[in-house]
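Chain by chain, the residues:
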Amino acid sequence: MNKIRNFCIIAHIDHGKSTLADRMLEITGTIEKRKMKDQVLDRMDLERERGITIKLQPVRMDYQGYILNLIDTPGHVDFTYEVSRSLAAVEGAVLLVDATQGIQAQTLANLYLALEQNLTIIPVINKIDLPAANVLKTKNEIIKLLGCQAEEIICASGKTGQGVAEILEAVIERVPEPKIITDNAPLRALIFDSNYDEYRGVVAYVRIFDGQIKKGDKINLLATKAKSEALDVGVFKPDYMSTGKLETGEIGYIVTGFKDVSECRVGDTVSTERGSTSIRQLAEEVEPLRGYNQVKPMVFAGIFPREGNEFQELRESIAKLKLNDASLMYEPEHSEALGLGFRCGFLGLLHLEIFQERLKREYNLDLIVTIPSVAYMVHPVKSRHVVGSRSEFNGVNKKNGDNLIIRSPQKLPDPNEIEKIEEPWVSLDIITPKDFIGAVMNLVQDKRGIYKNTEYIDETRVILHYQLPMAAILTDFYDKIKSASSGYASINYEFIAYRPADVVKMDILVAEDAVEALANIVYRDEAFRRGKEIVEALKEALPKQMFVVKLQASVYGKVIAAERIAAMRKDVTAKLYGGDVSRKRKLLEKQKKGKKKMMASGKGSVEIPGDVFVKLLKR
Ligand code: GDP
Ligand code: MG
């Protein structure tokens, strides 16, 4: 008899996934009471400080003779890849809906992902302990959405523990047991996540679909063709707990022994060497598991070490972190002003923020992060003049008519070499109470949104469907939607296509020097306003210097906005007691000379704090 059940908890952000998981861990006695804390599966300090889940987290529970493998998932749209990878490792999903909020944008997005994988859905109304809980209304929303029976919906509270045992029982009853195809099948284990552990090295998080693996087995990855030995295997409790083997249907980890972190990729299939089978034979014999779609990064930024000699360290750190952040894309980049670094692609601004914070905390790096932007598609002019010229596009010799994806403002060619620029658009769903439709629509129209249609969830709430330039979401869009709707609206978006955009490159000059990290691409008709915003924001963000600092925004060499930061007056005479006027005068003279020197030295005289870039964008 098969006594394994694998499931995830999915929901909109803050609907109580991690808190519900806490209660499950308690009921099943998985975590000792004294080690229990709120949202215990949010294992990173960063997650706990911000109160959000960033990483999927598997944990194995034993309950009434069953093995229950739970994967807790994040709710924020920037971490959707974590959700979809978790879903591919399980047979069921507990769909939580907060009884005070009802169905929200990520509820739908995550539900659709689960349905694509044909998972069994267990609908749960959560937070029924709250006075504002509206169980009946939420129940009706869920019935309408899933077409399920009212009796299938479980009412629960992750706070009080009410209904939690019932959820576990429903998981045992309703979620199908893992399929076991044949007893002697070769190993096929899906890598759904990975991690670089200081002591264990490269650890793969796997779901065993066929066969079994034991400590000491030779392992082969079918996609990267990497070979190694399973130095250890075990399960998540949620800490690593060695079991020596994993069998069909189980979720656990393999300590891979890989030296090169890039050999271990999520979506790859782990198999073992059987007798004399060569890896080529193995790859023919064993069909790889389906794996995952590659994610499309939406937001790009340059990441550079503040100290040039930390480049190697940065390279290694990013490679290691990539193991635990599968949606990150990166490639080396050279910048005249910032030296060697990486151009990195993210799913959104929050993803970028979290990534740089993790580099700082987990790898102790001091970084400069450039202003993030979307990628643009540039259609070069198809003139004879350009064809065959030796000028370079994006480091590659351009050919006639080749479109280029530009991920950095620096790479934007001269305007006279550009025929057309296109920018990415997304389809945007906004769920909002009817009362706020007007305010929300105004805001989206302001951001160049194109209205498509409206769907009714019930009499009080709607889904507005829009199309919108991705760049609009890279500002304070989310905050503005929240304030336009008194916090009630939620959004979800997905890339649809590139469409024409009238944009220009804007340089930002600090003390007359163009600061490469601050260059950005803006709409031509917004350049003036954006330029003003940025120099004003910089004025607040930059520390005062010993001299006056000019701040300018310029487009194609023409200054369109300017500010200045007054000089700091350091009273060099403060230390001098008494009235020796001539000494005082001498010192002031000296200070004046000092000022001149720093102004003349120009480059690098103004230190720009590493975190102002993301802040600037958020205004
Ligand atoms: P997640 O983002 O879905 O993982 O949500 P969390 O588990 O982090 O919970 C979000 C917030 O809701 C936290 O402040 C929890 O304390 C609170 N919360 C979660 N479940 C309940 C519940 O059943 N009742 C009440 N009153 N609060 C809850
Ligand atoms: Mg959570």
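Residues numbered from 1 in each chain as written. Chains lettered and ligands numbered in written order. Predicted model: local features only at pLDDT ≥ 70, side-chain atom pairs only at ≥ 80, totals over all residues. Heavy atoms only, no water.

(A) Inspection of the overall build of the chain at higher detail. Within the chain, the secondary structure is distributed over 15 helices and 33 strands. Across the 619 residues in the chain, those meeting the buried criterion constitute 55%. Residue pairs at least 24 apart in sequence account for 71% of intrachain contacts in the chain once pairs closer than 6 positions are excluded. When the accessible surface of the chain is summed, it comes to about 28,700 Å², and 48% of that surface belongs to carbon and sulfur atoms. (Helix = DSSP H or I, 4+ residues; strand = E, 2+ residues; numbered from the N terminus. Buried < 20%, exposed > 50% of the residue type's maximum accessible area, 1.4 Å probe, protein only. Contact = heavy atoms within 4.5 Å. Areas by Shrake-Rupley, 256 points an atom, 1.4 Å probe, with all protein chains shown as cover.)

(B) Up close: the confidence of the model for the chain. When pLDDT is averaged across the chain, the result is 87; 87% of the residues are at 70 or more. Note on residues 386–400: pLDDT under 50 across the span, and 19 contacts to partners over four residues away in sequence or across chains. Contacts from residues 595–604, a stretch scored under 50 in pLDDT, to residues over four places away or in other chains number 7 contacts. (pLDDT = per-residue confidence, 0-100.)

(C) Here's a closer look at helix 1 (residues 17–27). Across the 11 residues of helix 1, 8 count as buried, placing the element largely inside the fold. Those residues of helix 1 lying buried are Lys17, Ser18, Leu20, Ala21, Asp22, Arg23, Met24 and Leu25. Summarising the contacts, the buried residues of helix 1 are in contact with strand 1 (4–10), strand 2 (57–63), strand 3 (66–72), strand 4 (92–98) and helix 6 (164–174).

(D) Highlighting the site of ligand 1. Ligand 1 sits among 16 residues. The nearest are Asp14, Lys17, Thr19, Asp129 and Gly158. Thr19 is positioned with one of its side-chain polar atoms (N or O) 2.6 Å from an oxygen atom of ligand 1. Here an oxygen atom of ligand 1 and a side-chain polar atom of Ser157 are 3.2 Å apart. The element best represented in the shell around ligand 1 is helix 1, accounting for 3 residues. A breakdown of the residues in the shell around ligand 1 according to their chemical character gives 2 nonpolar, 9 polar and 5 charged. (Near = heavy atom within 4 Å. Polar contact = N/O pair within 3.5 Å; in protein donor to acceptor, adjacent residues only side chain to side chain. Nonpolar A, V, L, I, M, F, W, Y, C, P; charged D, E, K, R; others polar.)

(E) Region of interest: the packing of aromatic side chains. Counted by the stated rule, this structure contains 12 aromatic pairs. Consider the rings of Tyr451 and Tyr466, whose centres lie 5.6 Å apart with planes at 70°: the pair is edge-to-face. In this pair, Tyr451 is assigned in strand 26 (residues 450–456) and Tyr466 in strand 27 (residues 461–469), connecting sequence segments 15 residues apart. Among the aromatic residues, ring-to-ring pairing joins Phe192, Tyr205, Phe236, Tyr240 and Tyr253 into one connected group. Cation over ring: Lys3 sits above Tyr66, and NZ or CZ is 4.5 Å from the ring centre. For the cation-ring pair, Arg448 lies above Tyr523, with the distance from its terminal atom to the ring centre recorded as 3.8 Å. (Phe/Tyr/Trp six-rings, centres within 6.5 Å; stacked < 30°, edge-to-face > 60°. Lys NZ or Arg CZ within 6 Å of the ring centre and 35° of its normal.)

(F) The pattern of salt bridges, seen in detail. Taken as a whole, this structure holds 38 salt bridges when the rule is applied. Across the salt bridge formed by Glu32 and Lys35, the nearest N and O atoms sit 4.0 Å from each other. A salt bridge links Lys55 to Asp193, with the shortest nitrogen-to-oxygen separation between them at 2.9 Å. Separated by 138 residues along the polypeptide, Lys55 in the loop between helix 2 (45–50) and strand 2 and Asp193 in strand 7 (residues 188–197) bring together distant segments of the chain. When sorted by exposure, Lys55 lands in the same class as Asp193, which is buried. Each member of the salt-bridge network shares a partner with another, and the members are Arg448, Asp525, Glu526, Arg529, Arg530 and Glu533. (Salt bridge = Lys/Arg side-chain N within 4 Å of Asp/Glu carboxyl O.)

(G) Representation of helix 8 (residues 311–323) within the structure. Helix length check: helix 8, at 13 residues, gives a terminal C-alpha distance of 19 Å against a target of 18 Å (1.5 Å per residue), a fit within 8%. Within the sequence span of helix 8, burial applies to Phe311, Leu314, Ser317, Ile318, Ala319, Leu321 and Leu323. (Expected span 1.5 Å × (residues − 1).)

(H) Main features of the nonpolar core. Ranked by size, the top nonpolar core spans 55 residues in total, and within it Leu359 and Ile430 carry the most contacts. Looking at which domains feed residues into this core, each of domain 3 (299–369) and domain 4 (374–501) supplies at least three. (Core = buried A, V, L, I, M, F, W, Y, C linked by side-chain atoms within 4.5 Å. Domains from an automatic or database assignment.)

(I) Geometry of the packing of helix 10 (residues 437–446) against helix 12 (residues 477–484). Viewed as axis vectors pointing N to C, helix 10 and helix 12 meet at an angle of 155°, and their least axial separation amounts to 9 Å. Considered as vectors, helix 10 and helix 12 are oriented roughly antiparallel to each other. In this structure, helix 10 meets helix 12 at a crossing whose hand is right-handed. Across from Ala439, Val440, Leu443 and Val444 in helix 10, the residues of helix 12 making contact are Phe477, Lys480, Ile481 and Ala484. For the contact of helix 10 with helix 12, the residue count by class is 7 nonpolar, no polar and 1 charged. (Axes fitted to C-alpha atoms, helices over the stretch in contact; angles between N-to-C directions. Parallel < 35°, antiparallel > 145°, perpendicular 65-115°, else oblique. Left-handed = near helix turned anticlockwise from the far one by under 90°.)

(J) Spatial organisation of the side chain of Arg207. Within the secondary structure layout, Arg207 lies in strand 8 (residues 201–210). The exposure class assigned to Arg207 is buried, which follows from its relative accessible area of 2%. Within the local environment of Arg207, its side chain forms a polar contact with the backbone oxygen of Ala89, the two atoms lying 2.9 Å apart. Apart from residues lying up to four places away in sequence, Arg207 is in contact with Asn6, Ala89, Val90, Glu91, Pro178, Arg188, Ala189, Leu190, Phe192, Gly249, Glu250 and Ile251.

(K) Local environment of the environment of Ile371. Mapped onto the elements of the fold, Ile371 is located in the loop between strand 20 (367–369) and strand 21 (376–380). When its relative accessible area of 2% is taken as the criterion, Ile371 is described as buried. Residues Ile371 and Ala301, spaced 70 residues apart in sequence, show a C-alpha to C-alpha distance of 6.2 Å.

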